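Structural characterization, general
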Amino acid sequence: MPISAMTQDAFRERIAGLEVHSGDGHRAPGKALLVLLAVRGVLHGSPRLRAHSHLEEEAQPLLEVFGPPMSGSRPDLPFQRLADSGLWETEALGIASTSTPNATGGFPQSVYDLLANDYYLMKETVLHLLDLHFTKSVQPDLLEMLGVSELWDPSSRSAQASPQQRAVVAGFRATVLNAYRNRCAVCGNGVWVDGTPLGIQLTHIHWHSHGGEFSLSNALALCTLHQKLFDVGGFTISDDLRLVISSRLRVEDSGGNGWIMPIPGSPIHVPENPDHRPHPDNLVWHRREVFRK
Ligand SMILES: [Zn+2]
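Residues numbered from 1 in each chain as written. Predicted model: local features only at pLDDT ≥ 70, side-chain atom pairs only at ≥ 80, totals over all residues.

**Description of the overall build of the chain**
- The helix and strand inventory of the chain stands at 10 helices and 9 strands.
- Dimensions along the principal axes, computed over C-alpha positions, put the chain at roughly 65 × 45 × 35 Å.
- In the chain, which comprises 293 residues, the proportion classed as buried is 32%.
- In the chain, the proportion of contacts linking residues at least 24 apart, taken out of those at least 6 apart, comes to 65%. (Helix = DSSP H or I, 4+ residues; strand = E, 2+ residues; numbered from the N terminus. Buried ≥ 20, exposed ≤ 12 C-beta atoms within 10 Å, placed from the backbone. Contact = placed C-beta atoms within 7 Å.)

Encoded structure:
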């Protein structure tokens, strides 16, 4: 449906309404990535309508690193479904189809104008999309790769967590880091500055953005490097809590073999209490939706 003018609220609703999962429960970040590419276009002053084929080329490396694992070729970007949400407009040379090779598309004029005139809304939109579709640790990297790292501004989040929610997250983080004795579950390293642990993060196995619970059975303590590798599917963990390494991962290890990444099959470091260890249900989700074989 064409929209002559779009209010901020209507736009926010459409962004919030983009599905996070496909019908069969798999991660579906295609529409979010397409909107992010279009926001970049606004920021960089690119033409509003651009060739779909170029957008697909630009999305490809982002999907390779931050999208769900895929066997075979990736499906086309969801131009039509984004158009159905009122966030995309397609022009094909004389043919009303989004799949023709000559199709161009982009934000409708009303959306383009709204964002071009409101830098704060642009930042907020980007943060909101990242929170909905990608886990926290990869968000700044994604923007860096997209070439819009200036939009990384966590204070722009529209739906700021309540103090109660923040307290729950902080308490849970402390519980997890404590259970892992402030050491990384993969490399076993811990670093303290004047007694304060540093560089070890709470990591959800089944992403919180995609329905994962706040529980020890869905959490790991990982150092910054291993958290990023885990969250882009560079490795995963088997049901018997051993490392499974992606064939796509290349490591240059100047410190000697195994310093950055222990050998495949190595047991990870887990809490002594079996109830506090990762649960297979959560590991299955990570292996299916994040891990790159
Ligand atoms: Zn580590």
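Back to the write-up after that little detour.
**Quick word on the packing of helix 2 (residues 30-44) against helix 6 (residues 119-133)**
- Packing of helix 2 against helix 6 brings their axes to within 10 Å, and their N-to-C directions diverge by 160°. For the element pair helix 2 / helix 6, the angle class is roughly antiparallel. Between helix 2 and helix 6 lies a crossing whose hand is left-handed. Mapping the contact onto sequence places A32, V35, L36, V39, V42 and L43 in helix 2 and M122, T125, V126, L129, L132 and H133 in helix 6.
- Grouping the amino acids of the contact of helix 2 with helix 6 by side-chain chemistry returns 10 nonpolar, 2 polar and no charged. (Axes fitted to C-alpha atoms, helices over the stretch in contact; angles between N-to-C directions. Parallel < 35°, antiparallel > 145°, perpendicular 65-115°, else oblique. Left-handed = near helix turned anticlockwise from the far one by under 90°. Nonpolar A, V, L, I, M, F, W, Y, C, P; charged D, E, K, R; others polar.)

**Here we look at the sheet that holds strand 2 (residues 89-91)**
- Ordered in space as 1-3-2, the 3 strands form an open sheet in which the pairing is antiparallel. The open sheet has two free edges, formed respectively by strand 1 (50-51) and strand 2, since each of these has just one partner strand.
- With 2 bridges connecting them, strand 1 and strand 3 (residues 104-106) associate as antiparallel partners. Within the sheet, the bridge partner assigned to A51 lies in strand 3 and is T104. (Pairing = 2+ DSSP bridges.)

**Section: the environment of L37**
- For L37, the location among the structural elements is in helix 2.
- Judged by C-beta crowding, with 21 C-beta atoms within 10 Å, L37 ranks as buried.
- Measuring from C-alpha to C-alpha, the distance between L37 and V148 comes to 9.6 Å, with 111 residues separating the pair along the chain.
- Once you skip the residues sitting within four places of it in the chain, L37 turns out to touch L55, E58 and A59.

**Observations concerning the packing of helix 3 (residues 52-66) against helix 7 (residues 139-146)**
- Here helix 3 crosses helix 7 at 160°, and the two axes come no closer than 11 Å. Here helix 3 lies roughly antiparallel to helix 7, going by the angle between them. The element helix 3 and its partner helix 7 pack so that their crossing is right-handed. Across the interface between the two elements, L62, V65 and F66 of helix 3 pack against L142, M145 and L146 of helix 7.

**Here's the deal with helix 7**
- Regarding helix 7, the residues found buried are Q139, L142, L143 and L146. Looking straight down helix 7, one finds its buried side chains confined to an arc of 95°; they lie on one side. (Arc of directions from axis to C-beta.)

**Observations regarding the nonpolar core**
- Counting 56 residues, the largest nonpolar core has L34, L36 and A221 as its most contacted members.
- Sorting elements by how many residues they give to this core places helix 2 first, with 9 residues.
- Each of domain 1 (8-156) and domain 2 (163-289) contributes no fewer than three residues to this core.
- Sequence-distant contacts of L34, defined by excluding residues within four places in its chain, comprise L55, A59, L77, P78 and L82. (Core = buried A, V, L, I, M, F, W, Y, C linked by C-beta atoms within 7 Å. Domains from an automatic or database assignment.)

**Re unusual backbone geometry**
- The phi angle at N182 is positive, at roughly 60°, despite the residue not being glycine.
- Along the chain, N182 turns up in the loop between helix 8 (163-179) and strand 4 (192-193).
- With 18 C-beta atoms packed within 10 Å, N182 lands in the partly exposed category.
- One non-glycine residue, D194, lies in the positive phi region at around 50°.

**Quick notes on the pairing of strand 6 (residues 200-204)**
- Strand 6 sits mainly inside the fold: 5 of its 5 residues count as buried.
- Judged by which residues are buried, strand 6 turns out to be covered on both faces: I200, L202 and H204 on one side and Q201 and T203 on the other are all buried.
- Pairing of strand 6 with strand 7 (residues 219-223) involves 5 bridges; the strand directions are antiparallel. Bridging from a neighbouring strand, Q201 pairs with L222 of strand 7.

**Considerations on the pairing of strand 7**
- Along strand 7, 5 of the 5 residues are buried, which leaves the element largely enclosed by surrounding structure.
- Of the two faces of strand 7, the one carrying A219, A221 and C223 and the one carrying L220 and L222 are both buried.

**Brief notes about the domain arrangement of the chain**
- Along its sequence, the chain is carved into domain 1 (8-156) and domain 2 (163-289).
- Centre-to-centre, using C-alpha coordinates, domain 1 lies 29 Å away from domain 2.
- Contacts between the two partners involve 14 residues from domain 1 and, on the opposite side, 11 residues from domain 2.
- Top element by residues in the side of domain 1 that touches domain 2 is helix 6. It accounts for 3 residues.
- For the side of domain 1 that touches domain 2, the residue count by class is 7 nonpolar, 4 polar and 3 charged.

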